[in-house]
Each structure stands twice: as structure tokens, then as C-alpha cells.
Amino acid sequence: MKQISRQIAACATVAAALLAAPVFANDVPNAASPGIAAKLMVRGTLEGVQVTDLRSQRKNDVMVVQAEAINLTNRDVRIYYRFRWTDAAGMQVGDGEVWKPLMILGQQSQFIKGTAYGPQATDFKIEMSAEPR
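Here's what I pulled together on the structure shown here. Keep in mind it's a predicted model, so treat the numbers as computed, not measured.

Calculation notes
Residues numbered from 1 in each chain as written. Predicted model: local features only at pLDDT ≥ 70, side-chain atom pairs only at ≥ 80, totals over all residues. Heavy atoms only, no water. Helix = DSSP H or I, 4+ residues; strand = E, 2+ residues; numbered from the N terminus. Buried < 20%, exposed > 50% of the residue type's maximum accessible area, 1.4 Å probe, protein only. Contact = heavy atoms within 4.5 Å. Salt bridge = Lys/Arg side-chain N within 4 Å of Asp/Glu carboxyl O. Phe/Tyr/Trp six-rings, centres within 6.5 Å; stacked < 30°, edge-to-face > 60°. Lys NZ or Arg CZ within 6 Å of the ring centre and 35° of its normal. Core = buried A, V, L, I, M, F, W, Y, C linked by side-chain atoms within 4.5 Å. Pairing = 2+ DSSP bridges. Axes fitted to C-alpha atoms, helices over the stretch in contact; angles between N-to-C directions.

## A closer look at the side chain of Thr73
Right, so step 1: Considering the arrangement of structural elements, one finds Thr73 in the loop between β3 (62–71) and β4 (77–86).
Right, so step 2: Judged by its relative accessible area of 3%, Thr73 is buried.

Here it is in C-alpha cells:
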């Protein structure tokens, strides 16, 4: 009976160690789905940050986009992002945006929001990069 109790205790210890294993930045995909991944242009790695939600709509005939980025690691990560707006023919609309910094604390999420330059924008991509803090 003691032998079985020891085996159960050993299995429980191994299971707890596996569940508590840290999440490494290289193990986290950039997007939660292929549809979201199609809208991302990632430079390098996102250091454990994953885009989990992406929504777009037209307000007053202008495209507005909102994305949720979650840091799945325990480290703080600074991401940089910008939107690339295109028209129906795939041509860039506007002069292009500057990179915007955003700090995402460990195990936290942040929303990224972008508004197109005008009504001619019909599609977009979010360009992103990151660096650990």
C-alpha cells in the first residue's frame, strides 16, 4: 500500500511540475487563429505576445480596427505596431504610420486600435515587432 502511495505522490509531483512549467516566448504563436495571422506582419518574434482577437468595422465610412494582444509570459514586453491601410486594388492608402510603442505587462492584455486615413481604405495589415523589457 505504501508503494502505491509513493507512486501516486511521484505522479502528482511530476504533473504539478509540468503544469507550472514557464511559457517561453518561442513557444507562443503570433496569432490565435489563421484568420488573425493573415492580418499580421511580424518582424522577428513577439516575445510571448499573441494577438487573440481582431475586429474591424466602418464608422462614418472610415475603417476602424481593434485587436487584443495578450502577453502569455511573466516578463514585461514592449511591442511596436503600426497599421498599413490599402484600397480595393491593394494599393497603400496614406503616407504610412509611424511605429507606436506599447508596454504589455506579464500575463496582461492590451487593446490596439487604428483608424484609416479615409473612406478609400478597404483593407489593412498590422505590422508588429517586440523586445523584452
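## Focus on the environment of Met128
Right, so step 1: Relative to the assigned elements, Met128 resides in strand β7 (residues 123–132).
Right, so step 2: Considered as a pair, Met128 and Pro101 are 27 residues apart in the sequence and their alpha carbons are 9.9 Å apart.
Right, so step 3: Apart from residues lying up to four places away in sequence, Met128 is in contact with Leu40, Met41, Val42, Arg43, Leu46, Val51, Ile79, Tyr80, Tyr81, Trp99 and Ile112.

## Here's the deal with the pattern of salt bridges
Right, so step 1: Evaluated as defined, the whole model comprises eight salt bridges.
Right, so step 2: In this structure, Lys39 and Asp123 form a salt bridge, with 2.3 Å as the shortest nitrogen-oxygen distance. Of this pair, Lys39 sits in the loop between α2 (34–37) and β1 (40–42) while Asp123 sits in strand β7; the two residues are 84 residues apart in sequence, bridging distant segments of the chain.
Right, so step 3: For Lys39, a relative accessible area of 22% translates into the label partly exposed.
Right, so step 4: Residue classification places Asp123 among the partly exposed positions, given a relative accessible area of 30%.
Right, so step 5: Residue Arg84 pairs with Glu127 through a salt bridge whose shortest N-O separation is 2.7 Å. One end of the pair, Arg84, is in strand β4; the other, Glu127, is in strand β7, and 43 residues separate them in sequence.
Right, so step 6: Within this structure, Arg43, Arg82, Arg84 and Glu127 form a network of salt bridges that share partners.

## Quick notes on the packing of aromatic side chains
Right, so step 1: Following the criterion strictly, the structure yields three aromatic pairs and no others.
Right, so step 2: Ring geometry for Tyr81 and Phe83: centres 6.2 Å apart, planes at 90°, overall edge-to-face.
Right, so step 3: Note on Tyr81: relative accessible area 10%, which makes it buried.
Right, so step 4: Counting every residue linked through ring pairs, the aromatic cluster contains Tyr81, Phe83, Trp85 and Phe124.
Right, so step 5: One residue, Lys39, lies across the ring of Phe124, its end atom 4.9 Å from the ring centre.

## Remarks on the nonpolar core
Right, so step 1: Counting 26 residues, the largest nonpolar core has Ile79, Phe83, Trp85, Ile112, Ile126 and Met128 as its most contacted members.
Right, so step 2: When contributions to this core are tallied by element, the ones reaching two or more residues are β2 (49–59), β3, β4, β5 (100–104) and β7.
Right, so step 3: The residues touching Ile112, leaving out its near neighbours within four places in the chain, are Val65, Gln66, Ala67, Ala69, Ile79, Tyr81, Phe83, Leu102 and Met128.

## Overview of the sheet that holds β5
Right, so step 1: On the basis of which strands lie adjacent, the open sheet formed by four strands has the order β1-β7-β4-β5 and mixed pairing. In the strand order of this sheet, the two ends are held by β1 and β5, each with one partner. Between one strand and the next, the sheet's axes are offset by a mean angle of 30°, whatever the strand orientation.
Right, so step 2: Pairing of β1 with β7, which is carried by three bridges, proceeds in the parallel orientation. Its bridge partner lying in β7, Leu40 is registered against Ile126.

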